[in-house]
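# Descriptive analysis of the structure
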Amino acid sequence: SPNPTSLKSISMPLACNRPGPWDMLMLFVELSLVFLGEALLRNLSVQVESPFGAGTLKHMLLSGTEAERTACAVALPLICRKEMLIRKLLLEGGGLRSMLESLARSEDPVFIFTAADSIVTLLGGSMQHEAESELQLPDSPPSDLQAAKRVRKDPDGGCRYQHLLEAGQTDMKFQLDSGDVMSAIRAEMTASSEVFRAMLEGGYLESWQTLVPICDIPLPAFRLVLHFLHGCHSKDCPTLFDLHCVKMEEDFRSSTLAPALAAADRFLLPGLQCLVENVICETYMCLSNLHAVYMFSEHQGNAGLRRRCLCYLLQPEHEPMARGESLERVLQAAENLSTLVDDLQSVVMECLGGRNRRGKFPLPCDSSSK
């Protein structure tokens, strides 16, 4: 797509140094190519929006070869400015699906980059609004069961779980595979989790045990579960604060975030799951590690986090080349490409639906739309 700052980006390096004759010649050639490209793009836009051009594109999308349908779908957002025509050809005519399916099968970095740029152009400014709504942090995560009905804040602030331990109110313990033992209050565990309520109040062996074994969960993840179930929901708790200290360079699976998210899913704690997902989006997620987060969310069956990954990927402020490389890594890491295609199509369609309620498609050649 045309870059309205292209002239500035070409001339800035020369402004800092005295250009020689060869530099001036190269500048002239580059400026000529920019003007030629933008003129061709404007001409294509006029041709596409004519009745003949629209008919040609419709015929190509319906009866062309797979390569022709894909090329038409990729190019359409870059050269067409009419909203109804784009919707008819790309969305209702199946062009978007064809492009996404070809994208999932492609191993060509150039095509992946071009397709990603085409999708971002199609979405225009709507993706920024959608990403803000998807990635923004709520004032507080949704609490689980009766936890929402009870005020569980310690009057002195800090870690409520630690204060309960110091007050000697615990009446049971959990033992992990590692041999670590952690104390808990049975009433707190059963009040906020259906899993622990069934375990500790049902007809299971654990219902009368004071030392309950817990298998297949690392100590940091279970410690987080205990703190959350005992009322620690903010950074005032050191255990929750440690979640925000994960660095982007860390491997996602070996970080504290992945097992914490898995534990929240295992014990059916949507409030904790929301809290961990927010931490991932706030402090960890970036283009370089996006594929690891998406792969983990796919493995866990976490559709919400998969969607957040794709919304982040399609934000317009990312550098296009970095976005294309990140998408290529996501395609390589995805276990189920059909699910990825469905997720991408869902995100694009919903974003376009929201954008249609707010405004029109941006003009590809209009610098104000960038």
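Before going into details, it helps to say that this report is about the structure given with it. (Residues numbered from 1 in each chain as written. Predicted model: local features only at pLDDT ≥ 70, side-chain atom pairs only at ≥ 80, totals over all residues. Heavy atoms only, no water.)

## Remarks on the packing of helix 16 (residues 290–300) against helix 18 (residues 320–333)
In helix packing, the relevant descriptors are the interaxial angle and the interaxial distance, both defined with respect to the helix axes. To keep it simple, the criterion reads: Helix axes use the C-alpha atoms of the stretch in contact, all axes being lines fitted to C-alpha atoms, and the angles between their N-to-C directions lie in the range 0 to 180 degrees. Under the scheme used here, helices are H or I runs from DSSP no shorter than 4 residues and strands are E runs no shorter than 2 residues, and both carry numbers assigned from the N terminus. Should an angle fall under 35 degrees it is taken as roughly parallel, and over 145 as roughly antiparallel, whereas 65 to 115 is taken as roughly perpendicular and any remaining angle as oblique. Left-handed describes a crossing in which the near helix is turned anticlockwise from the far one by less than a right angle; the clockwise case is right-handed. Working rule for contacts: check all heavy atoms of both residues, and any pair within 4.5 Å makes them a contact. Under this grouping Gly is polar, as are all residues other than the nonpolar Ala, Val, Leu, Ile, Met, Phe, Trp, Tyr, Cys and Pro and the charged Asp, Glu, Lys and Arg.
Here helix 16 crosses helix 18 at 30°, and the two axes come no closer than 8 Å. By the angle between their directions, the pair helix 16 and helix 18 is classed as roughly parallel. Between helix 16 and helix 18 lies a crossing whose hand is right-handed. Contacts from Leu290, His291, Tyr294, Met295 and Glu298 of helix 16 reach helix 18 at Ser326, Arg329, Val330 and Ala333. Residue composition of the contact of helix 16 with helix 18, by class: five nonpolar, two polar and two charged.

## Re the side chain of threonine 239
Operational definition: Only protein chains enter the accessibility calculation, which uses a 1.4 Å probe; a residue is then buried when its area is under 20% of its type maximum, exposed when over 50%, and partly exposed in between. By the criterion applied in these results, polar contacts are pairs of N or O atoms within 3.5 Å in which, for protein atoms, one can donate a hydrogen and the other can accept it, and in which residues neighboring in sequence qualify only through two side-chain atoms.
Relative to the assigned elements, threonine 239 resides in helix 13 (residues 238–243). A relative accessible area of 15% places threonine 239 in the buried class. Side chain to side chain, threonine 239 and histidine 227 meet in a polar contact 3.3 Å long.

## Details of the packing of helix 14 (residues 257–266) against helix 15 (residues 270–284)
Closest axis-to-axis distance for the helix 14/helix 15 pair is 8 Å, and the angle between their directions is 155°. When the axis of helix 14 is compared with that of helix 15, the two are roughly antiparallel. Of the two possible hands of crossing, helix 14 and helix 15 adopt the one that is left-handed. Residue-level contacts link Leu257, Ala260, Leu261, Ala264 and Asp265 of helix 14 to Leu272, Gln273, Val276, Glu277, Val279, Ile280 and Tyr284 of helix 15. Of the residues that constitute the contact of helix 14 with helix 15, the class distribution is nine nonpolar, one polar and two charged.

## Notes on the sheet that holds strand 2 (residues 181–184)
Heads up, the condition is: Any two strands between which DSSP finds at least two bridges are classified as paired.
Taken in spatial order, the three strands make up an open sheet running 2-1-3, and their pairing is mixed. Either end of the sheet is taken by a strand with one partner, and the two such strands are strand 2 and strand 3 (211–214). Shown here is a sheet whose adjacent strand axes are inclined to one another by a mean of 30°, direction ignored. The pairing of strand 1 (residues 172–176) with strand 3 spans four bridges and is parallel. Bridged to leucine 176 within strand 3 is isoleucine 214.

## Re the packing of aromatic side chains
Put simply, the rule reads: Two rings belonging to Phe, Tyr or Trp (six-membered ring only in the last case) form a pair when the distance between their centres is within 6.5 Å. Interplanar angles under 30 degrees mark stacking, angles over 60 mark edge-to-face geometry, and anything in between is tilted.
As enumerated under the stated definition, the model contains six aromatic pairs in all. Seen in terms of ring centroids, phenylalanine 174 and phenylalanine 196 are 5.7 Å apart; in terms of plane orientation they differ by 70°. Their pairing is edge-to-face. With phenylalanine 174 in strand 1 and phenylalanine 196 in helix 11 (residues 194–201), the pair connects residues that are 22 residues apart, well separated along the chain. Take phenylalanine 174 and phenylalanine 196: they sit in the same class, and that class is buried. Considering the side-chain rings of phenylalanine 252 and tyrosine 284, the 5.5 Å spacing of their centres and the 40° angle between planes classify their relative orientation as tilted. One end of the pair, phenylalanine 252, is in the loop between helix 13 and helix 14; the other, tyrosine 284, is in helix 15, with 32 residues separating them in the sequence. Among the aromatic residues, those joined into a cluster by ring pairs are Phe174, Phe196, Phe222 and Phe267.

## With respect to the nonpolar core
To be explicit about the condition: As used here, the term nonpolar core means buried Ala, Val, Leu, Ile, Met, Phe, Trp, Tyr and Cys residues forming a set that is joined through side-chain atoms within 4.5 Å.
The biggest cluster of nonpolar side chains holds 98 residues, and the ones touching the most others in it are Phe174, Phe196 and Phe222. Of the residues forming this core, the biggest block, eight residues, is contributed by helix 7 (residues 109–123). Apart from residues no more than four positions distant in its own chain, phenylalanine 196 is found in contact with Phe174, Met189, Thr190, Glu201, Ile214, Phe222, Val225, Leu229 and Phe267.

## Here we look at the environment of alanine 333
Positionally, alanine 333 belongs in helix 18. What makes alanine 333 buried here is its relative accessible area of 14%. Residues alanine 333 and valine 293, spaced 40 residues apart in sequence, show a C-alpha to C-alpha distance of 10.0 Å.

## Quick word on helix 7
The condition that has to hold: A helix's residues, less one, multiplied by 1.5 Å, set its expected span.
End to end, helix 7 covers 21 Å across 15 residues, agreeing with the expected 21 Å (1.5 Å per residue, within 8%). Here helix 7 lies mainly inside the structure; eleven of its 15 residues are buried. The set of residues buried in helix 7 consists of Phe111, Ile112, Ala115, Ala116, Asp117, Ser118, Ile119, Val120, Thr121, Leu122 and Leu123. At the N-terminal end of helix 7, a side-chain oxygen is found 3.1 Å from the backbone nitrogen of valine 110, two or three residues along, and the residue is aspartate 108. Following helix 7 by one or two positions, glycine 124 adopts a phi angle in the positive range, close to 60°.

## Digging into the pattern of salt bridges
Cut-off, in case you're wondering: Take a side-chain nitrogen of Lys or Arg and a carboxyl oxygen of Asp or Glu: if they are within 4 Å of each other, that pair is a salt bridge.
Within the structure shown, the criterion is met by seven salt bridges. Notably, a salt bridge pairs arginine 97 with glutamate 101, separated by 3.1 Å at the nearest N-O pair. Pair noted here: arginine 97 and glutamate 101 are both in helix 6 (residues 95–105), with a separation of four residues, about one helical turn. With its nearest N and O atoms 3.1 Å apart, the salt bridge here joins arginine 307 to glutamate 350. One end of the pair, arginine 307, is in helix 17 (residues 303–313); the other, glutamate 350, is in helix 19 (residues 337–358), and 43 residues separate them in sequence. The buried category is assigned to arginine 307, whose relative accessible area is 14%. Linked through salt bridges whose partners overlap, the residues forming this network are Arg97, Glu101 and Asp342.

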